[in-house]
Amino acid sequence: MAFRNGIVADTLRKAGMPYNIIFGLQLPQISEIARECEKDLLLAETLWQDSGVRESRLLACYLFPAAEISEKMAAQLASAVRTHEEADILSFRLLRHLPYAPTLADTLSSDENTLASYCGKALRRNLDA
C-alpha cells in the first residue's frame, strides 16, 4: 500500500485491466518487494489465487520456486493468466527457468486459449533471447 500510485492505477483501470483492485505498482517496485521475500510455493499459490488484485498475481510470478513446479502445474498457471502482462511476467520470471520450458512453449503456443497461447509465445521469445 505504501507504493500505491493512483495515476498508474487509474490508467490501468481505464485501459480495461480485469482486476477489482489495482494499486498501480510498477514492475521495479514489485521486484523490490519480491527480493525481500523467499521463494515459497504456498505463498506464491495464495497470491496467484487472489485473481482480483493485479499486484498479487504479478508478485506470485516472482515467488514461485522453479524446482517445485511440475509441467502440469506450469501449464495450469499459463492457462490461468488473465492479461498479457501476467503472461509476460510469468514467462520471464518463472517458466523460462523450467527444464521443460522449450516443450512447454510449443504446447502452449498451440493452445486454443488466446492468453495461454500468447504465454507460450512469450516463453519462446524469452528462450530465444
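Residue indices follow the written sequence of each chain, beginning from 1 at its first position. Per-residue local features are limited, in this predicted model, to residues with pLDDT of at least 70; the limit for side-chain atom pairs, both in listing and counting, is 80 or more; totals at the level of whole chains, interfaces and linings are taken over all residues. Based on all heavy atoms of the structure, the side-chain values leave hydrogens and waters out of the count.

**As for the side chain of Thr83**
In step 1: Only runs of H or I of at least four residues qualify as helices and only runs of E of at least two qualify as strands under DSSP, and these elements are numbered from the N terminus. Within the secondary structure layout, Thr83 lies in the loop between helix 5 (71-79) and helix 6 (84-93).
In step 2: A distance of 3.4 Å separates the side chain of Thr83 from the side chain of Tyr19, its partner in a polar contact.
In step 3: Within 3.5 Å is the distance limit for a polar contact, defined as a pair of N or O atoms, with the added protein rule that one can donate a hydrogen and the other accept it, and that residues adjacent in sequence qualify only through two side-chain atoms. Side-chain polar atoms of Thr83 contact the backbone nitrogen of Glu86, separated by 3.0 Å.
In step 4: Among all residues touching Thr83, those that are not within four sequence positions of it are Met17, Pro18, Tyr19 and Leu115. Here a residue-residue contact requires only that any non-hydrogen atoms of the pair lie within 4.5 Å.

**Notes on the environment of Ala78**
In step 1: Note that Ala78 resides in helix 5.
In step 2: Among residues more than four places away in sequence, those in contact with Ala78 are Leu90, Leu95, Leu108, Ala116 and Cys119.

**Observations regarding the packing of aromatic side chains**
In step 1: For Phe, Tyr and Trp, rings pair up if their centres lie within 6.5 Å, where Trp contributes its six-membered ring, and each pair is then called stacked (planes under 30 degrees apart), edge-to-face (over 60) or tilted (otherwise). Considering all chains together, one arrives at one aromatic pair under this definition.
In step 2: Ring geometry for Trp48 versus Phe64: centroids 6.4 Å apart, planes at 70°, classification edge-to-face. Placement of Trp48 in helix 3 (residues 41-49) and of Phe64 in the loop between helix 4 (54-63) and helix 5 is noted, with a sequence separation of 16 residues between them.
In step 3: Under the scheme applied here, a residue whose accessible area is under 20% of the maximum for its type counts as buried, over 50% as exposed, and between as partly exposed, the area being computed with a 1.4 Å probe on protein chains only. Assessed through its relative accessible area of 1%, Phe64 is described here as buried.
In step 4: By the criterion adopted, a ring carries a charge over it if an Arg CZ or a Lys NZ lies within 6 Å of its centre and within 35 degrees of its normal. Of note, Arg57 hangs over the ring of Trp48, and the distance from its end group to the ring centre comes to 3.7 Å.
In step 5: The ring of Phe92 has Arg96 lying over it, and the distance from NZ or CZ to the ring centre is 4.0 Å.

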